[in-house]
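# Topology and contacts: notes
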Amino acid sequence: MAKELKQLTSRSQDYSQWYQDLVIKADMAENSAVRGCMVIKPYGYAIWEKMQRQLDDMFKETGHVNAYFPLFIPKSFLSKEADHVEGFAKECAVVTHYRLKNNPDGSGVIVDPEAKLEEELIVRPTSETIIWSTYRNWIQSYRDLPILCNQWANVVRWEMRTRLFLRTAEFLWQEGHTAHATKDEAEVEARKMLEVYAQFAEEYMAMPVVKGVKSASERFAGAVETYTIEALMQDGKALQSGTSHFLGQNFAKAFDVKFADKDGKMEYVWATSWGVSTRLIGALIMAHSDDNGLVLPPKLAPFQVVIVPIYKGDEQLALINEKVDGIVKSLKALGVSVKYDNSDNRKPGWKFAEYELKGVPVRLAIGARDLESNTVEVARRDTLTKETVSCDNIDTYIKNLLDDIQTNIYKKAFDYRTANTTTVETYDEFKIKIEDGGFILAHWDGTPETEEKIKAETKATIRCIPLEGDNTPGVCMVTGKPSAQRVAFARAY
């Protein structure tokens, strides 16, 4: 049975299939009866809950509060901001009727043709329009600003080609929507939230990211500027892992949201929006996991330690239970999450394979001999190494080990990104290097025509214009025209 659990397609054989196998076999999610939608299973949802809890704390530390806005958006709202509707029109699910009735022929239910809505409703693909319609009622004076709201919600974007966590028709996310009295304040907010996302990715997900600005063609629909964090997956493809948008006054003008400033003059409000989604779980999997299964950073693992007893008979188990009880209490006192699996329906070998597959950072095994010697076997998931250690001060030993695992997982991902980041000068060199994957830093003349040419010929896109890094001017690798700085290219999800 242990062998069956670990029968994953290898990354080198078929990375896409490896990912799909791993999500399903690690019991994280599965496809649902609704095409393009997924069921997030308890183990996968536990990771999302940990992400959600930490991000929510970080949002609140920066002054944000949670609210909730409707799932349905009047169609006319999407018509108010031209770029926005154009960006989302092809992905919208539309509600046209509000009632079903039994088919007279007895074959089931049908849509009642007399229950047609006067105005169709859009199932939210994002909430800028419904929120700015609401903010119009909340804002009259500069004293009402800033508004710093976030909502945890689901959204629907009608995707044709889906992949669990990475791209589904419905997904979970958070979306922040803020309103400000000045342009500077809104721009500071957008940059601040980018930093929050980068800090979360690196400190909690153990995933290094490049912070940057999107090119005009890659911007969020309706934004003046889109800031992004981009991460590199183990197959050499980039993954956009969070975005923060400076919306200018576009939505305030579309929904006529004005305020009286200190001099009584009416001004349009300045806006931002920002969000991350369950796509982060996909990023977590692809950034760290291996051919044996998940590798989870301890800060986001549903449980950080699993303890498996090895025994013969109830008498031995009772003695081990007593010993483990003390270990569990001391670990929990240090804030370590622990699972003690003394179930009798699976053998220890099966359990070892299962918890390795599920990426539990530390596994302890304790048997009768360990009781005699006051020791325990400690296995760490990131390196697949084992050692026998004393039970004395095991709590602090494990606590320090978890910190070391978190650091090591980040370092491995950072070293991979460094080894797979290349600087090129010519387009011919670019075409060769892009086949190897990774980030390529190259000069670009800033025109959408050149950007589109590169995309059409190489399938690589500008992931971002980095905020940190090489700002030395040069010449575009394609046209030879002046370039202000190098930008980050990659093939991406």
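Residues numbered from 1 in each chain as written. Predicted model: local features only at pLDDT ≥ 70, side-chain atom pairs only at ≥ 80, totals over all residues. Heavy atoms only, no water.

### Description of unusual backbone geometry
Cis geometry is adopted by the peptide bond preceding proline 146, which originates at leucine 145 and carries an omega value of -5°. Examined against the element boundaries, proline 146 turns out to sit in the loop between α6 (128-138) and β9 (147-156). Although it is not a glycine, phenylalanine 165 adopts a positive phi angle of roughly 70°. Along the chain, phenylalanine 165 falls in the loop between β9 and β10 (170-180). Among the residues examined, phenylalanine 165 registers a relative accessible area of 2% and is labelled buried. Within the chain, alanine 206 stands out as a residue other than glycine whose phi angle is a positive 55°. (Helix = DSSP H or I, 4+ residues; strand = E, 2+ residues; numbered from the N terminus. Buried < 20%, exposed > 50% of the residue type's maximum accessible area, 1.4 Å probe, protein only.)

### As for a nonpolar patch on the surface
On the surface, Leu100, Val109 and Val111 cluster together to form a nonpolar patch covering roughly 290 Å² of accessible area. As for its placement among the helices and strands, leucine 100 is situated in strand β6 (residues 100-102). Leucine 100 sits in the exposed class, given a relative accessible area of 56%. (Patch = residues over 30% accessible without salt bridge, like charges linked within 9 Å, V, L, I, M, F, W, Y side chains within 5 Å. Areas by Shrake-Rupley, 256 points an atom, 1.4 Å probe, with all protein chains shown as cover. Salt bridge = Lys/Arg side-chain N within 4 Å of Asp/Glu carboxyl O.)

### Examining the side chain of histidine 180
Relative to the elements of secondary structure, histidine 180 occurs in strand β10. Since its relative accessible area comes to 3%, histidine 180 is described here as buried. Within the local environment of histidine 180, its side chain forms a polar contact with the side chain of glutamate 185, the two groups lying 2.9 Å apart. Excluding residues within four positions of it along the chain, histidine 180 makes contact with Leu145, Pro146, Leu148, Glu185, Ala186, Glu189, Val269, Trp270 and Thr272. (Polar contact = N/O pair within 3.5 Å; in protein donor to acceptor, adjacent residues only side chain to side chain. Contact = heavy atoms within 4.5 Å.)

### Describing the sheet that holds β10
Taking strand neighbours across the sheet as the criterion, the eleven strands line up as β3-β9-β10-β16-β13-β12-β11-β24-β27-β23-β22 in an open arrangement whose pairing is mixed. Lying at the two open borders of the sheet, with one neighbouring strand each, are β3 (65-66) and β22 (421-423). Along the sheet, helix α13 (residues 394-419) contacts β11 (210-213), β12 (225-232), β22 and β23 (439-443); its crossing angle with β22, the most-contacted strand, is approximately 25°. (Pairing = 2+ DSSP bridges. Axes fitted to C-alpha atoms, helices over the stretch in contact; angles between N-to-C directions.)

### A closer look at helix α10 (residues 313-333)
The periodicity of an α-helix, 3.6 residues per turn, causes residues three or four places apart in sequence to face the same way. In this model α10 runs 30 Å from its N-terminal to its C-terminal C-alpha over 21 residues, within 8% of the 30 Å that 1.5 Å per residue would give. All of the buried residues along α10 are Leu317, Ile320, Val324, Ile327, Val328 and Leu331. Each element contacted by the buried residues of α10 is listed here: β17 (305-310), β18 (338-340), β19 (362-367), α12 (368-373) and α13. In the segment just after α10, glycine 335 is the residue with positive phi, at about 85°. (Expected span 1.5 Å × (residues − 1).)

### Digging into the pairing of strand β27 (residues 486-490)
When you tally the buried positions in β27, you get five out of five residues, the bulk of the element. Across the two faces of β27 the burial is the same, with Arg486, Ala488 and Ala490 and Val487 and Phe489 all buried. With four bridges joining them, β23 and β27 adopt antiparallel strand pairing. Along β27, the bridge assignment pairs isoleucine 440 with phenylalanine 489. When strand β24 (residues 461-466) meets β27, the two strands line up antiparallel, connected through three bridges. Bridge pairing in β27 places threonine 461 opposite alanine 490.

### Notes on the confidence of the model for the chain
Chain-level pLDDT for the chain is 96 on average; 99% of the residues reach the 70-or-more range. Per-residue pLDDT stays below 50 along residues 1-5; that stretch engages in eleven contacts with residues further than four places along the chain or on separate chains. (pLDDT = per-residue confidence, 0-100.)

### Here's the deal with the environment of serine 273
When you line up the elements, serine 273 lands in strand β16 (residues 270-277). Between the C-alpha atom of serine 273 and that of threonine 226, which follows or precedes it by 47 residues, the distance is 9.5 Å. Once you skip the residues sitting within four places of it in the chain, serine 273 turns out to touch Glu128, Gly176, His177, Phe220, Ser244, His245 and Leu247. Of the polar contacts made by the side chain of serine 273, one reaches the side chain of glutamate 128; its length is 2.8 Å.

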